Amino acid sequence: MHDDSKLATLLTTPAAGHGTVTPPIVQTSLFTFQDYDSFVARMAGQSDAPVYTRVQNPTVAEFERLMAQAEGAEAAVGFASGMGAIAAAIMAFIQPGQRIACVEHVYSDTYRLLERTIRPMGIEIDYHPINAFEEQPDLLKGYALAYLESPSSIVMQVMNLQQVAEHARRHGVVTMTDNSWATPVFQQPRRLGVDIVLHSASKYIGGHSDTVAGVAVGSAEHIGRIRDLTLPLLGAKLAPFEAFLLTRSLRTLHLRMERHQATANHFVDRLGQEPLVRQTHSPGANAVPGLTGRSGLLSLELDPDVDVARFCNALSIFRLGVSWGGFESLALPAQASLSQAGQFNSMQRFGVSPQLVRLSLGLEDPEDLWCDFHQALQMGTN
Ligand SMILES: *Cc1c(COP(=O)(O)O)cnc(C)c1O
């Protein structure tokens with residue numbers, strides 16, 4: 001298990017070798033060579049000097065180095081978005097005729113990727129309830145890939161990743177998990193045996209709602225495969241300026257997560273005594289082995305007496321919007337996602353109550369947030 005103070009030190013240690021505290025933003029598309037021989041040698045793979053920013057860039061490399069260390073892994077690769085990372089990772093490890101086992105309540109656009117893009121390529125996808133992955137040791141037999149999320153999206157169900165990774169290894173199945181909710185501060189799936197860890201860095205890693213980015217973390221071999229097969233060819237490369245912002249954000253990740261957790265605890269303590277809230281979905285420390293904290297993203301099922309529209313309109317500190325993980329508090333009524341136009345709606349597929357509201361608790365004063373939430377709840381029933 002990791003040690004929190006160690007992670008804090010790691011995230012705040014400047015890179016050696018630049019002579020600067022922050023990494024320079026190497027805003028260039030290409031890198032030139034001194035002479036013919038060094039150019040040819042680089043292309044033949046005899047050096048690892050950067051060539052072209054779609055593949056390699058020193059500012060991006062600094063973010064990747066920090067993320068790999070934070071997750072306790074050998075390597076990481078940055079992407080222009082979480083979906084860029086997820087698509088590149090899945091497509092590097094799956095071929096026509098193979099099968100993917102995916103957890104129910106997977107992130108909505110991952111579900112769309114699997115159904116609209118991956119399945120038509122001749123790949124079978126089965127969705128299993130989250131408990132089945134740990135309770136059925138042979139569930140994964142015959143699959144090439146297990147795609148996991150713990151906690152899952154919207155309903156925040158959790159699994160014992162260590163146990164599932166063990167089952168997967170016995171059947172030779174590659175495992176991937178989306179760790180955007182917990183971040184390496186609260187969960188390090190690589191240390192639990194999961195092969196590849198994925199993040200939407202647009203959420204807590206970025207933390208300031210000013211960047212869309214993603215990252216995949218894993219062994220040198222697994223990340224090398226993504227670097228060879230999909231990163232350069234699908235081309236969803238992380239930009240140097242975005243990588244600079246993310247590196248800056250990582251300096252405070254542990255502090256922000258502590259505050260998100262304190263506010264979430266403040267809410268969870270009170271929500272249990274709130275008759276207008278039927279159920280709270282907010283896994284906390286030790287809900288499953290390896291999970292060491294509660295993030296600020298939770299969801300609630302409001303009593304049928306609460307008019308969700310009136311509740312939402314009565315909020316004043318909480319804003320209405322998608323995404324999460326920033327400094328600002330947000331509310332997302334499930335109905336907004338349930339009524340999203342187009343096919344392949346994960347919330348319809350897996351079933352989510354229209355009385356559900358997801359809250360992203362930001363960095364505002366916890367009591368101010370609770371008062372805002374509570375007065376809106378009252379307004380919603382009047
Ligand atoms: C937002 C999100 C993603 C997608 O990330 P983008 O950066 O928006 O592409 C993936 N997984 C989860 C759990 C998310 O919430």
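A short tour of the structure in this document, coming up. (Residues numbered from 1 in each chain as written. Predicted model: local features only at pLDDT ≥ 70, side-chain atom pairs only at ≥ 80, totals over all residues. Heavy atoms only, no water.)

**A look at the packing of helix α12 (residues 253–271) against helix α16 (residues 366–381)**
Right, so step 1: Closest axis-to-axis distance for the α12/α16 pair is 10 Å, and the angle between their directions is 40 degrees. It follows from the interaxial angle that α12 and α16 lie oblique. Relative to α16, the crossing made by α12 is right-handed. Taken together, the residues of α16 that come into contact with α12 (itself represented by R259, T263, H266, F267, R270 and L271) are P366, E367, L369, W370 and F373.
Right, so step 2: A class-by-class count of the residues in the contact of α12 with α16 yields 6 nonpolar, 2 polar and 3 charged. (Axes fitted to C-alpha atoms, helices over the stretch in contact; angles between N-to-C directions. Helix = DSSP H or I, 4+ residues; strand = E, 2+ residues; numbered from the N terminus. Parallel < 35°, antiparallel > 145°, perpendicular 65-115°, else oblique. Left-handed = near helix turned anticlockwise from the far one by under 90°. Contact = heavy atoms within 4.5 Å. Nonpolar A, V, L, I, M, F, W, Y, C, P; charged D, E, K, R; others polar.)

**Focus: the site of the ligand**
Right, so step 1: Taken together, S81, G82, M83, I86, Y107, S153, D178, S200, S202, K203, A213 and W324 make up the full set of residues near the ligand.
Right, so step 2: One of the side-chain nitrogen or oxygen atoms of S200 is found 2.9 Å away from an oxygen atom of the ligand.
Right, so step 3: Per-element tally for the shell around the ligand: the top contributor is helix α4 (residues 82–92), with 3 residues.
Right, so step 4: Partitioning the shell around the ligand into residue classes produces 5 nonpolar, 5 polar and 2 charged. (Near = heavy atom within 4 Å. Polar contact = N/O pair within 3.5 Å; in protein donor to acceptor, adjacent residues only side chain to side chain.)

**A closer look at the packing of aromatic side chains**
Right, so step 1: Per the stated rule, a full pass over the model turns up 11 aromatic pairs.
Right, so step 2: With a centroid separation of 6.5 Å and 15 degrees between ring planes, the pair formed by F241 and F244 is classed as stacked. Of this pair, F241 and F244 both sit in helix α11 (residues 240–250), 3 residues apart, which is roughly one turn of the helix.
Right, so step 3: On the basis of an interplanar angle of 40 degrees and a centroid distance of 5.3 Å, the ring pair of W370 and F373 is categorised as tilted. (Phe/Tyr/Trp six-rings, centres within 6.5 Å; stacked < 30°, edge-to-face > 60°.)

**With respect to the pattern of salt bridges**
Right, so step 1: Applying the stated criterion across every chain yields a total of 10 salt bridges.
Right, so step 2: In this structure, E115 engages R119 in a salt bridge whose closest nitrogen and oxygen atoms are separated by 2.9 Å.
Right, so step 3: You can call E115 buried: its relative accessible area is 9%.
Right, so step 4: Between D307 and R310 there is a salt bridge whose closest N-O contact spans 3.9 Å.
Right, so step 5: Note on D307: relative accessible area 31%, which makes it partly exposed.
Right, so step 6: What makes R310 partly exposed here is its relative accessible area of 38%. (Salt bridge = Lys/Arg side-chain N within 4 Å of Asp/Glu carboxyl O. Buried < 20%, exposed > 50% of the residue type's maximum accessible area, 1.4 Å probe, protein only.)

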